[in-house]
Amino acid sequence: LSELLSFFRAGIRGDPGAGGVKSSLICAGPPGVGKTACVRAAIARLQHEQARGLIPTFQFIYLNGMEVRSPFDVYPRFWETLTGRKHIGSHERACELLEEYFTTSASSNNGKNDATTTTVVLLDEIDYLITEKQSILFDFFDWPKRAASTPGGKRLVVVGVSNTLNLIDQLMPSVQSRIGTEKCIFKAYSLKDIVNILKKATHVQGYSFFEDDAILFAAKKTAALSGDIRKAFQICRVAAEVVTQRFEKAIAENQQQAGSCPKIRISDVQRASQESFNKALVTAVSLLSPFEALLLVSLAALCRSTGRQGGFDIQDILTKMEAIASSGGDPHYLPPPSFNETILLMNRLGEMNLVELKKGRDLSRPSAWPLTSLIVDELTLLKGFKNTPHKYLVQRNLPSLF
């Protein structure tokens with residue numbers, strides 16, 4: 001947190017450091033380790049300092065790559081939040097307006113904030129904003145440098161949050177140079193960390209509602225999967241809700257002494273873990289983008305047509321996706337994703353535990369790309385897509401599910 005505060009204070013004040021004003025930062029780490037929460041906590045503290053007049057005026061804007069239908073929609077979303085005006089036009093026009101706003105002097109200010117106000121942007125889930133030419137990331141990390149070098153210009157500070165530790169290394173050199181060397185790495189929680197966090201969270205006025213073995217099981221389950229502390233909290237919450245309902249029912253039926261406190265045991269957490277895992281997969285499927293849904297349905301269709309459980313080459317997947325998208329004619333899935341876009345889709349679905357990526361062992365078919373298998377079963381796809389527009393995609397290509 002102190003590192004983030006130092007970075008933000010320097011960026012808002014325009015303090016020159018080695019190599020100029022530091023106005024770009026990448027926060028990287030696995031999901032659920034507190035990246036976004038730490039940035040928001042730092043911003044909240046700085047907003048208190050701003051209210052007391054300790055730092056210059058700034059406005060904070062939050063953008064999330066998962067909340068836009070297309071990566072390029074982030075341009076009009078940014079412009080609308082920045083100016084408070086509805087954008088009517090293409091994303092190219094929004095990009096031009098933003099370019100003009102941050103690279104011209106204060107005399108041509110078209111926005112709602114004056115030249116003394118620094119704009120701080122949290123660009124969350126930037127993995128979803130990577131396009132073939134990587135132009136979005138280039139623009140967002142280029143504008144802060146150009147704004148800082150514009151006499152009388154508006155300052156811009158951008159912090160990107162990524163779930164990929166080596167994201168910068170995977171970007172084009174031109175984008176790397178715009179981002180710079182500033183980065184904040186978040187490590188996955190260890191088993192000991194998760195146990196300590198859960199114990200603090202489940203102790204109320206000196207009483208622990210969870211047995212130590214129950215907490216240890218939830219921590220081990222979480223550490224073995226990804227270290228995402230949110231999963232541990234979800235498991236414990238589900239277990240607590242079930243035990244509380246059972247406890248209240250026992251009191252109502254005079255089978256439990258009033259005034260006593262319930263205790264969550266390891267068996268309760270084990271059942272909650274399985275239930276949470278299944279619910280999490282269904283929820284993840286229900287929130288997929290059109291291309292992600294197309295990829296999962298294509299994998300399920302390949303499993304049916306080949307009789308194999310998985311291990312499909314990327315070319316097989318590309319061919320199947322193109323066939324399904326073209327036969328349906330639905331514009332949501334057309335044109336089908338490109339090779340590079342499909343690689344990104346597979347990586348994202350792999351992080352969500354919906355597909356498995358493995359290096360091929362068939363020496364007769366050497367390939368630099370992993371073989372892909374569908375982890376979730378067709379029933380999970382049915383439940384997840386049932387109340388979404390993608391249910392028609394499933395109806396056409398996996399008809400026996402409906």
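Description of the structure in this document. (Residues numbered from 1 in each chain as written. Predicted model: local features only at pLDDT ≥ 70, side-chain atom pairs only at ≥ 80, totals over all residues. Heavy atoms only, no water.)

1. Observations regarding the packing of helix 12 (residues 290–306) against helix 14 (residues 339–351)
- One way to put it is that helix 12 packs onto helix 14 with a least axis distance of 10 Å and a crossing angle of 80 degrees. Classified by the angle their axes make, helix 12 and helix 14 are roughly perpendicular. Together, F291, E292, L295 and L296 of helix 12 and E341, L345, M346, R348 and L349 of helix 14 make up the contact between the two elements. (Axes fitted to C-alpha atoms, helices over the stretch in contact; angles between N-to-C directions. Helix = DSSP H or I, 4+ residues; strand = E, 2+ residues; numbered from the N terminus. Parallel < 35°, antiparallel > 145°, perpendicular 65-115°, else oblique. Contact = heavy atoms within 4.5 Å.)

2. Some points on the sheet that holds strand 4 (residues 58–64)
- Read from one edge to the other, the open sheet built from 5 strands follows the order 4-5-6-3-7, with strand pairing classed as parallel. Since the sheet does not close on itself, it has two edges, and those belong to strand 4 and strand 7 (183–185), each with one partner. Ignoring which end each strand starts from, the neighbouring axes of this sheet average 15 degrees apart.
- The pairing of strand 4 with strand 5 (residues 118–124) spans 7 bridges and is classified as parallel. Counted as the bridge partner of L63 is L123 from strand 5.
- Its contacts with the sheet put helix 1 (residues 2–13) on strand 3 (24–28), strand 4, strand 5, strand 6 (156–162) and strand 7, and the angle it makes with strand 6 is roughly 150 degrees.
- Across the face of the sheet, helix 3 (residues 74–83) comes into contact with strand 4, strand 5 and strand 6 while running at roughly 155 degrees to strand 4. (Pairing = 2+ DSSP bridges.)

3. A short note on the pattern of salt bridges
- According to the stated counting rule, one finds 11 salt bridges in the structure shown.
- Close ionic contact of E99 with R146 constitutes a salt bridge, the shortest N to O distance being 2.3 Å. Highlighted residues: E99 in helix 4 (residues 91–103) and R146 in helix 5 (residues 135–148), separated in sequence by 47 residues.
- Assessed through its relative accessible area of 31%, R146 is described here as partly exposed.
- Note that D142 and R178 form a salt bridge whose closest N and O atoms lie 2.9 Å from each other. Placement of the pair is D142 in helix 5 and R178 in helix 7 (residues 173–179), with a sequence separation of 36 residues.
- Judged by relative accessible area, which is 10%, D142 ranks as buried.
- For R178, a relative accessible area of 24% corresponds to the partly exposed category.
- Among the charged side chains, a network of salt bridges with common partners joins E99, D142, R146 and R178. (Salt bridge = Lys/Arg side-chain N within 4 Å of Asp/Glu carboxyl O. Buried < 20%, exposed > 50% of the residue type's maximum accessible area, 1.4 Å probe, protein only.)

4. Topic: the environment of R9
- As for its placement among the helices and strands, R9 is situated in helix 1.
- Relative accessible area serves as the criterion here: at 23%, R9 is assigned to the partly exposed category.
- Separated by 37 residues in the primary sequence, R9 and L46 place their C-alpha atoms 7.9 Å from one another.
- Not counting the four nearest positions on each side in its chain, R9 is found in contact with D15, L46 and E49.

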